Structure formats: structure tokens, C-alpha cells
Amino acid sequence: MGIDFHNKDNQTTYTTRHADHSWMEIMKELVPIMNTFKAADIGCGGGIYAKALADMGVTSVIGVDFSQAMLVGAKENCKDYHHLTFKQGNALATGLDDDSFQLVLERALIHHIQDLKACFQEAFRILEDKGIYIIQDRTPEDCLLKGDNGHIRGYFFERFPKLKEKEIKRRHSSELVVETLKEIGFSEITEVKLLETRNVYEQKDQLLNDLRERTGRSILHELDDTELNDLLNYIDQAISTESSIVEKDRWTIWKAVK
């Protein structure tokens, strides 16, 4: 089934969160952000992380997404940020100028991309010399951590092994990412792990409602409504608390320099 990113009914599914401070802190460590920075957020979705870059001091950010519906949501989400702009394009053909950005961010993007080489070549093309490329995604190992009160995603795969198979197929190994970055010509490649807070729920029911709406969770679109209800019941029984749930996801971040 899968999520239809072009459906207007999904245009706000990636606008409802804020970038966690843990993400901002690790970005500050990896990228010497200055007021003169010009950044591109490729696969920007609802603009959450474009907005976060602006909050961190980047003075010019352009978000690129292949879905017009996503861009409608992003523009509304970022309407008070006048130095953010958005355009339609994709990771293999952004339509952006050569050698024109000091930072390119691709967060939660490459698991949608089969041709990593073409994706990385496009980032290389639009970066200035010494520009920084940040890729954030999950490796198979990141995804398949055991489910618990904090790592809700783990329950998806425990209850529905078919989701596990789907997840493994669409995730790239760190070895492949690093090898491909080197092949394109990137250097100074660094890999770090991040346990990023996704959301904080005051009550378990808030989490279950978020899951029911499949908010920002493309993998749940692989389930029909009956299966989703089954999963919600499973998670409801598995989680040992009714309140104060801090949901976290583990990510891998790769930094490379042109």
C-alpha cells in the first residue's frame, strides 16, 4: 500500500513536530553554523528541519521536495520564517545551482532512494568547495531495536514481521553509504549515532491516537486499518505506563565534506 506523499490528505503529516534539542546539539557539533550559511534541505517534507536550521542561525534555507502536497504543508508550517523558501524538485534533480550551498541536509530521505550514487552526485554538484553534506537516516540495525516504552517502533516489527522485511529492504547499510560517498569524491566522512526524541506524550492515549493517524510514520501505511488496530492493541498491552512516554528513535548521521 504505502504512503501517497502526493495526496493532499497527507500534506500535514510531517508538520506536527519540532526538531528536538538533541538534534540541534549534534548539528552544532558537526556543522560550524554561521549567520552567512546558505543551506538546502532536500526532501524537506513539512519543513520541520528547515525551520530548525533557521532557528540555529542559518540565514538562508531552501527546502526541496518532490511532493507539491508536502510543500503546501511546509509553506504553512514555516509561514512566519521569511528567509525560508521552498521549491519542487527531487534528490536526483533539485533544480538548484552548481556550487551554491555551504550545507546540504538530507534527513530521512535516502531510504526512499535506490540510486544512492545519483543522489550523492546531486548533493556534490550543488555544494560549494568545502561545503558540508549531512545525511541522517536509519540503518537496518537502527530500526530493529527491541520495542519498549521509549522505542515504540520496535513493536511494529515484533507484531508484523512483514514490516521488518519491508524495513530491511529499504534501509541502506552504513558501509554502502560511506563507500558511495567516497566514490563520489566526498572526504572527511564522519559517522555518529543519535538517539533523538521524537515526541513526548503526557498520556498513552495520545501516543495511540498519533499512531492511529499514522502521523509522520510512512511504514504504518503498509498496514490496512484492521492490521493497524491490531497493532494499537498490541502496543497498548505492551507499554507498562499510562503516562509520560518519551518516544525516541535511533538514527545514523553521516557528515561529509566536498
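Residues numbered from 1 in each chain as written. Predicted model: local features only at pLDDT ≥ 70, side-chain atom pairs only at ≥ 80, totals over all residues. Heavy atoms only, no water.

(A) Structural context of the sheet that holds strand β5 (residues 127-137). Sheet architecture is open: 7 strands sit in the order β3-β2-β1-β4-β5-β7-β6, paired in mixed fashion. Edge positions in the open sheet fall to β3 (84-88) and β6 (187-203), since each of these has one partner strand only. Strand-to-strand twist across the sheet, computed as the mean angle between neighbouring axes with direction ignored, equals 20°. Where β5 and strand β7 (residues 243-257) come together, 6 bridges link them in antiparallel fashion. Counterpart to tyrosine 133 in the pairing with β7 is alanine 256. Sitting on the sheet, helix α2 (residues 48-55) touches β1 (38-42), β2 (60-65), β3, β4 (101-107) and β6, and the angle it makes with β4 is about 140°. Packed onto the sheet, helix α9 (residues 204-212) meets β6 and β7 and runs at close to 120° relative to β6. (Pairing = 2+ DSSP bridges. Helix = DSSP H or I, 4+ residues; strand = E, 2+ residues; numbered from the N terminus. Axes fitted to C-alpha atoms, helices over the stretch in contact; angles between N-to-C directions. Contact = heavy atoms within 4.5 Å.)

(B) Spatial organisation of helix α8 (residues 174-184). Among all positions of α8, only Ser174, Val177, Val178, Thr180, Leu181 and Ile184 are buried. Projected down its long axis, α8 shows its buried positions confined to an angular sector of 165°, all on one face. In α8, those exposed residues whose orientation departs by more than 90 degrees from the buried face are Glu175, Glu179 and Lys182. The positive-phi residue at the C-terminal boundary of α8 is glycine 185, with phi of around 120°. (Buried < 20%, exposed > 50% of the residue type's maximum accessible area, 1.4 Å probe, protein only. Arc of directions from axis to C-beta.)

(C) Quick look at the pattern of salt bridges. As enumerated under the stated definition, the model contains 25 salt bridges in all. Here arginine 170 makes a salt bridge to glutamate 167, at a shortest N to O gap of 2.6 Å. With arginine 170 and glutamate 167 both in helix α7 (residues 161-170) and 3 residues apart, this pair spans about one turn of that helix. Each member of the pair, arginine 170 as well as glutamate 167, is classed as buried. The partner of aspartate 225 in a salt bridge is arginine 214, with the nearest N and O atoms 3.4 Å apart. (Salt bridge = Lys/Arg side-chain N within 4 Å of Asp/Glu carboxyl O.)

(D) Molecular detail of the packing of α9 against helix α10 (residues 225-238). Relative orientation of the contacting elements α9 and α10 amounts to 160°, with a least axis distance of 10 Å. By the angle between their axes, α9 is roughly antiparallel relative to α10. Crossing geometry of α9 relative to α10 is assigned as right-handed. Judged by residue contacts, Lys204, Leu208, Leu211 and Arg212 of α9 engage Leu228, Leu232, Ile235 and Asp236 from α10. When its residues are assigned to classes, the contact of α9 with α10 shows 5 nonpolar, no polar and 3 charged. (Parallel < 35°, antiparallel > 145°, perpendicular 65-115°, else oblique. Left-handed = near helix turned anticlockwise from the far one by under 90°. Nonpolar A, V, L, I, M, F, W, Y, C, P; charged D, E, K, R; others polar.)

(E) Representation of unusual backbone geometry. One non-glycine residue with positive phi stands out, namely lysine 130, at about 70°. Secondary-structure assignment places lysine 130 in strand β5. Taking the relative accessible area as the measure of exposure, lysine 130 reaches 63% and is therefore exposed. At glutamate 188, a residue that is not glycine, the phi angle is positive and equals roughly 50°. Topologically, glutamate 188 is positioned in strand β6. Residue glutamate 188 is classed as exposed on the basis of its relative accessible area, which comes to 55%.

(F) Representation of the pairing of β3. Relative to β3, β2 runs parallel, the two being bridged by 5 bridges. Bridge pairing in β3 places valine 61 opposite leucine 84. Handedness of the crossover joining β2 and β3 through helix α3 (residues 68-77): right-handed. (Right-handed = clockwise from strand over helix to strand, strands pointing away.)

(G) Inspection of the side chain of arginine 138 at higher detail. Along the chain, the position of arginine 138 falls in the loop between β5 and α5 (140-143). You can call arginine 138 buried: its relative accessible area is 5%. Here aspartate 249 takes part through its side chain, which lies 2.9 Å from a polar atom of the side chain of arginine 138. (Polar contact = N/O pair within 3.5 Å; in protein donor to acceptor, adjacent residues only side chain to side chain.)

(H) Highlighting the packing of helix α4 (residues 116-126) against α8. Direction vectors running N to C along α4 and α8 enclose 50°, while the axes themselves pass 9 Å from each other. In terms of their interaxial angle, α4 and α8 are classed as oblique. Both α4 and α8 take part in a crossing whose hand is right-handed. Judged by residue contacts, Leu116, Lys117, Phe120, Gln121 and Phe124 of α4 engage Leu176, Val177, Thr180, Leu181, Glu183 and Ile184 from α8. Grouping the amino acids of the contact of α4 with α8 by side-chain chemistry returns 7 nonpolar, 2 polar and 2 charged.

Note that all results are geometric; they support no functional claim without further evidence.
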